Amino acid sequence: MIDIDGSYGEGGGQILRTSLSLSAITGHPIRINNIRAGRDKPGLAAQHLTSVRAAAIICRAKVRGDAMGSMTLEFIPGSAVQVGNYTFDVSEARQGGSAGAVAMVLQTVLLPLVLANGNSQVMLRGGTHVNYSPSMTYIQEVYLPILHRMGVQVAMQINAWGWYPQGGGEVELSVSSGKPGTACAKGDSWVQLALRDKPGTACAKSDRNLNGINLLKRGDLQQVRGLAVVTQLPSHIPQRMASRAENILREEQLKVKVQPIHAKGVAPGAGLFLTAEYENSLAGFTGLGRIGLPAEKVAEVACEEFLNFHETGAPVDEHLGDQLLLPAALASTRSEYRVAVVSNHLTTNASIIELFGLAKVTVDEEEKRVVVEPLDRKK
Ligand SMILES: Nc1ncnc2c1ncn2[C@@H]1O[C@H](COP(=O)(O)OP(=O)(O)OP(=O)(O)O)[C@@H](O)[C@H]1O
């Protein structure tokens with residue numbers, strides 16, 4: 001049983017999600033105390049409870065403490081990760097529904113499914129574009145394309161946009177499991193086999209279906225692409241968000257194209273999503289609308305975030321910085337990248353990953369450089 005202190009460092013939900021993913025992948029039982037102790041409303045919220053249940057379903061885990069508000073959880077995987085057809089609905093976790101972020105649920109189960117043998121279909125319902133989490137547009141435009149370079153094959157589509165507070169969004173994903181023909185025997189992923197230390201059955205290093213990534217230099221900015229999206233709001237709003245963003249970035253002599261979009265959703269909402277395409281990297285920036293905030297301001301928030309990042313010269317934005325650690329830790333080769341900001345999320349996630357003994361993570365705070373070195377899992 002691996003004991004995890006949920007109040008460590010950032011003290012947020014990522015400690016829980018990373019631990020669940022690694023428990024499902026390695027088969028190691030975990031016990032987490034002080035879940036989200038660093039948050040105003042600690043314990044499991046709808047999004048976290050959905051992540052716990054999703055992780056439990058894919059590896060048939062026995063779970064104790066899976067209730068709203070719970071600050072303690074025991075999670076004991078009962079099988080190797082099972083590929084399949086899954087639906088995870090955040091609104092089911094709390095009476096009256098929830099706009100809890102589906103991206104967080106996805107990030108809990110994605111790598112376990114990628115490393116399992118076979119393909120999966122995942123349907124997610126809940127908040128698709130909500131504060132303090134990666135939007136599903138960020139997942140689509142930044143996170144998944146970077147993971148694709150590491151060998152992860154996922155196709156996704158947003159059927160409905162879910163904003164705070166109603167949620168009600170829907171996203172469909174097809175997850176393929178790495179290179180065909182290199183899978184390990186008996187439905188176990190290479191990590192599970194290697195960790196169970198069965199000599200002769202563990203896959204060779206070269207069979208691991210995730211490659212490390214090098215993002216030390218970003219190269220020149222090719223263009224900034226944007227989506228100015230509304231649901232159930234008049235069409236002048238996406239138009240105004242798009243024009244404002246294009247004007248700001250053109251003033252900086254940058255190549256930019258922002259597309260105004262009217263999308264489907266159960267409630268009104270608005271957002272502007274920018275993707276900066278560099279020669280060797282991608283980064284994403286978000287502005288979310290709310291009642292009383294003019295469309296132009298939404299655009300300004302996202303542009304300011306992007307311009308601040310652009311000035312740093314770093315290839316990896318603050319958020320990708322912490323989110324890349326888990327795939328990098330599961331890859332067969334070393335990863336090395338430079339981040340705009342060494343966040344508390346990044347250093348916390350690094351410590352949690354190290355608890356599982358899969359990789360050594362070194363964070364050079366001065367150089368803002370992260371090195372993830374896979375450890376020999378057969379030892
Ligand atoms: N604008 C954003 N774009 C992309 N990713 C984001 C953005 N904002 C936050 N994130 C990511 O969301 C995750 C938040 O993790 P955290 O541990 O704070 O979650 P939590 O405690 O479950 O959430 P909350 O803070 O809502 O209670 C981190 O991986 C962070 O990088």
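Basis of the calculations
- Residues numbered from 1 in each chain as written.
- Predicted model: local features only at pLDDT ≥ 70, side-chain atom pairs only at ≥ 80, totals over all residues.
- Heavy atoms only, no water.
- Pairing = 2+ DSSP bridges.
- Helix = DSSP H or I, 4+ residues; strand = E, 2+ residues; numbered from the N terminus.
- Axes fitted to C-alpha atoms, helices over the stretch in contact; angles between N-to-C directions.
- Contact = heavy atoms within 4.5 Å.
- Buried < 20%, exposed > 50% of the residue type's maximum accessible area, 1.4 Å probe, protein only.
- Near = heavy atom within 4 Å.
- Polar contact = N/O pair within 3.5 Å; in protein donor to acceptor, adjacent residues only side chain to side chain.
- Areas by Shrake-Rupley, 256 points an atom, 1.4 Å probe, with all protein chains shown as cover.
- Right-handed = clockwise from strand over helix to strand, strands pointing away.

K.L.:
With reference to specific residues and values, describe the sheet that holds strand β7 (residues 153-160).
P.N.:
Ordered by their spatial adjacency, four strands build an open sheet running β5-β6-β8-β7, and the pairing between neighbours is mixed. On the outer flanks of this sheet lie β5 (85-89) and β7, each paired with one strand and no other. Pairwise comparison of adjacent strand axes, ignoring direction, gives a mean angle of 15° for this sheet. Strand direction decides the pairing type here: strand β6 (residues 120-126) and strand β8 (residues 169-176), joined by seven bridges, are antiparallel. What sits directly across from Arg125, in β8, is Glu170. Of the strands in this sheet, β7 and β8 are in contact with helix α4 (residues 136-149), which crosses β7 at around 175°.

K.L.:
So, the environment of Pro268: which residues are in play, and what are the values?
P.N.:
With respect to the secondary-structure elements, Pro268 resides in the loop between β11 (256-263) and β12 (269-278). Residue class for Pro268 comes out partly exposed when judged on its relative accessible area of 43%. Remark: the alpha-carbon pair of Pro268 and Arg290, spanning 22 residues in sequence, is separated by 9.6 Å. Excluding residues within four positions of it along the chain, Pro268 makes contact with Trp163, Thr231, Gln232 and Leu233.

K.L.:
So, the site of the ligand: which residues are in play, and what are the values?
P.N.:
Near the ligand there are 17 residues, and of these Gly13, Arg36, Arg39, His48 and Asp322 occur at the shortest range. A distance of 3.2 Å is found between a nitrogen atom of the ligand and a side-chain nitrogen or oxygen belonging to Gln323. Considering the ligand on its own, with 640 Å² of exposed area, one finds that the protein chains cover 87% of that surface. Within the residue set of the shell around the ligand, elements represented by two or more residues are α1 (13-26), α2 (46-58) and α8 (318-323).

K.L.:
Account for the pairing of strand β2 (residues 30-33), with residues named and values stated.
P.N.:
Only one face of β2 is covered, namely the one carrying Ile30 and Ile32; the face carrying Arg31 and Asn33 has none of its residues buried. Examined bridge by bridge, strand β1 (residues 2-5) and β2 share four bridges and lie parallel to one another. Across the sheet, residue Asp3 finds its bridge partner in β2, namely Arg31. Once you follow β1 into α1 and on to β2, the crossover reads as right-handed. The sheet contact formed by β2 and strand β4 (residues 73-76) spans three bridges and is antiparallel.

Everything listed here is a matter of coordinates, which is why it stays silent on function.
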